[in-house]
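Below, each chain spelled out in residue letters.
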Amino acid sequence: MVIDARALVHAGGKLDVSTADLVSELKGLRKGRGLFAVQLEKNVGPALRAAFGISGESGAAELRRTLSERLLPLIDSLPGDLRISLLAAFGLTEQARHPFYIDRVKWAASTLKRDARTVRRRIDDGIARLAELAVDGTAPDRPASHPSPHWHTEVLRVALTLEQPVPEVFEFRRVVADADDLTELDLALTLTAAGAPGRPMPDSDLQVDVFYGGSLVSRQMQSSDRVGLSLRLPSPLRKGERHDIALRFRARFHHPHYVCVPRHPCDLFDLHVRFPQPPPAWVGRLERVFQDDVRDASARGTPIEADGVGEIHEQFRHLTPGFAYGVRWQESVADATDT
C-alpha cells in the first residue's frame, strides 16, 4: 500500500498523525545501527511514512535518503546539544556511525562533555521536538549550500587517471573562509582503497603530495577507507577570503568507484576520470548517496558513457556534507548484468 501524506493533512496544514505515535517510531529508529540498519524498512512505521511522505514501496537505500533529507533540516533547527545528540542517535554523523546505540550515546557524551544519562535525556527531548515540528508542518527548508562555521569549498576540480600502475588523483580546490583567522583546513578523502572491509588502510597504501597552497601537518584514519588530513595555510585567512590549494593522491583501488564525501559544504565538484583501454562496460553517476551504500551493488546510479578516449566528465553542484558524490563502474558486461 502506498501512503500519500497529502491526504493526511488537515485544512489547518497539520498532519493527521499522532505526535505520540511519531515519537514512538522515532525512538525505534535509533535502535541498532540507526538509519543504517540492514532491514531499515522494518523500523519505519505508518507514522513516519505519513509524516515524511514515504512510499510503501521504498527500499532501504531510498528510505535512508528520504529520512535523512527530512530529518536533517529539523535537527539543524534545534539547539546545539540536542542536534549533536540526535545526529549520534540516528547515526547521521560519520564520527558516530557505530553499530550499537550505546556506543553512539557514548560518543555524544564525550563530545558534549556530559554523562550518558544526560545525553539520553537530550535525545528523548530532541525526538519529542522533532515529532512536534513534523506534525505541525513547520519543518525549515534545508539550504542547498550553507556556510560552515569555518570554511567551505567554492570549487573542487579532480582529475583521476586509472591508466597508471598506481591510480593518481589530482585535486585543485578553492576554499572560502567563513570565519576570521582560519589557519588550517580539515580535509578528507574516501578512496575505498586497499584493506579488508572494516580494517584501517595502511599509510603506505595512500600517498599524498602537496603541490601548492599549504603544508600537510597531520593525517588520521576516520574510518576504514576515509583519511582525514590537516593542511596548514601559508597565512591566516579573513572571513570571505579565498585560497587555492593543489594536492596529488596515489592509491590502489580495490573497489570500482571513486566518490567525494565532503565534510564541509561544496558549491561545485568537477570530476574527470580517464579509464584504461578498453573502458569499462558500464559506468554510473552517484549523487547524494550514503557512503555506506556506495559498495552496495544495487546503488548503480545513473548510467553514463565514456568518450572515444575512455574519459568521463561529471559535475555536481551544492554537495551536502556527509553524502557521497562520484562514479562507479563495472569492468565486464557480465559484471554489469549481475548488479
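Note that the coordinates shown come from a computational prediction; the quantities given were computed from them, not determined experimentally.

1. Comments concerning the packing of helix α1 (residues 19-29) against helix α6 (residues 116-136)
Here α1 crosses α6 at 130 degrees, and the two axes come no closer than 9 Å. As far as their axial angle goes, α6 and α1 are oblique. Regarding α1 and α6, the two cross each other, and that crossing is right-handed. Listed contacts from α6 to Thr 19, Leu 22, Val 23, Leu 26 and Lys 27 of α1 are Asp 124, Ile 127, Ala 128, Leu 130, Ala 131, Glu 132, Ala 134 and Val 135. Of the residues that constitute the contact of α1 with α6, the class distribution is nine nonpolar, one polar and three charged.

2. Brief notes about the sheet that holds strand β1 (residues 151-161)
Pairing between the strands of a sheet comes from backbone hydrogen bonds, and it takes one of two forms, parallel or antiparallel. Taken together, the six strands give an open sheet; going across it, the order is β4-β7-β2-β1-β9-β12, and neighbouring strands pair in mixed fashion. Unpaired on one side and paired on the other, β4 (206-212) and β12 (311-319) mark the two borders of the sheet. Pairwise comparison of adjacent strand axes, ignoring direction, gives a mean angle of 15 degrees for this sheet. Taken together, the eight bridges between strand β9 (residues 266-274) and β12 define a ladder with antiparallel strand orientation. Note that in β12 the partner of Cys 266 across the bridge is Leu 319.

3. Re the sheet that holds strand β8 (residues 257-260)
Here we have four strands laid out as an open sheet, ordered β8-β13-β10-β11, and antiparallel in their pairing. Two strands in the sheet have a free side with no partner beyond their single neighbour: β8 and β11 (302-304). Strand after strand, the sheet turns through a mean of 25 degrees between neighbouring axes, direction not considered. In terms of strand pairing, strand β10 (residues 282-290) meets β11 through three bridges, oriented antiparallel. Note on β11: the bridge partner recorded for Gly 284 is Pro 303.

4. Some remarks on the nonpolar core
By size, the foremost hydrophobic cluster in this structure holds 85 residues, and its most contacted members are Leu 26, Leu 29, Leu 71, Phe 90 and Phe 269. In terms of residues, this core owes the most to one element, α6, which gives eight residues. Setting aside residues no more than four positions away along its own chain, Leu 26 makes contact with Leu 48, Leu 71, Phe 90, Ile 127, Leu 130 and Ala 131. Listed in part, the six residues of the second largest apolar core include Val 259, Leu 286, Val 289 and Val 294.

5. Describing unusual backbone geometry
With omega at -5 degrees, the peptide bond leading from Gln 277 into Pro 278 counts as cis. Residue placement: Pro 278 occurs in the loop between β9 and β10. With phi around 60 degrees, Lys 113 is a residue other than glycine that occupies positive phi space. You can see Lys 113 is positioned in the loop between α5 (101-112) and α6. Its identity as a non-glycine residue notwithstanding, Arg 288 has a phi of 55 degrees, on the positive side. On the secondary structure map, Arg 288 appears in strand β10. By relative accessible area, Arg 288 is classed as buried at 16%.

Rules and cut-offs
Residues numbered from 1 in each chain as written. Predicted model: local features only at pLDDT ≥ 70, side-chain atom pairs only at ≥ 80, totals over all residues. Heavy atoms only, no water. Axes fitted to C-alpha atoms, helices over the stretch in contact; angles between N-to-C directions. Helix = DSSP H or I, 4+ residues; strand = E, 2+ residues; numbered from the N terminus. Parallel < 35°, antiparallel > 145°, perpendicular 65-115°, else oblique. Left-handed = near helix turned anticlockwise from the far one by under 90°. Contact = heavy atoms within 4.5 Å. Nonpolar A, V, L, I, M, F, W, Y, C, P; charged D, E, K, R; others polar. Pairing = 2+ DSSP bridges. Core = buried A, V, L, I, M, F, W, Y, C linked by side-chain atoms within 4.5 Å. Buried < 20%, exposed > 50% of the residue type's maximum accessible area, 1.4 Å probe, protein only.

From the geometry alone we can't say anything about function, so treat these as descriptive.
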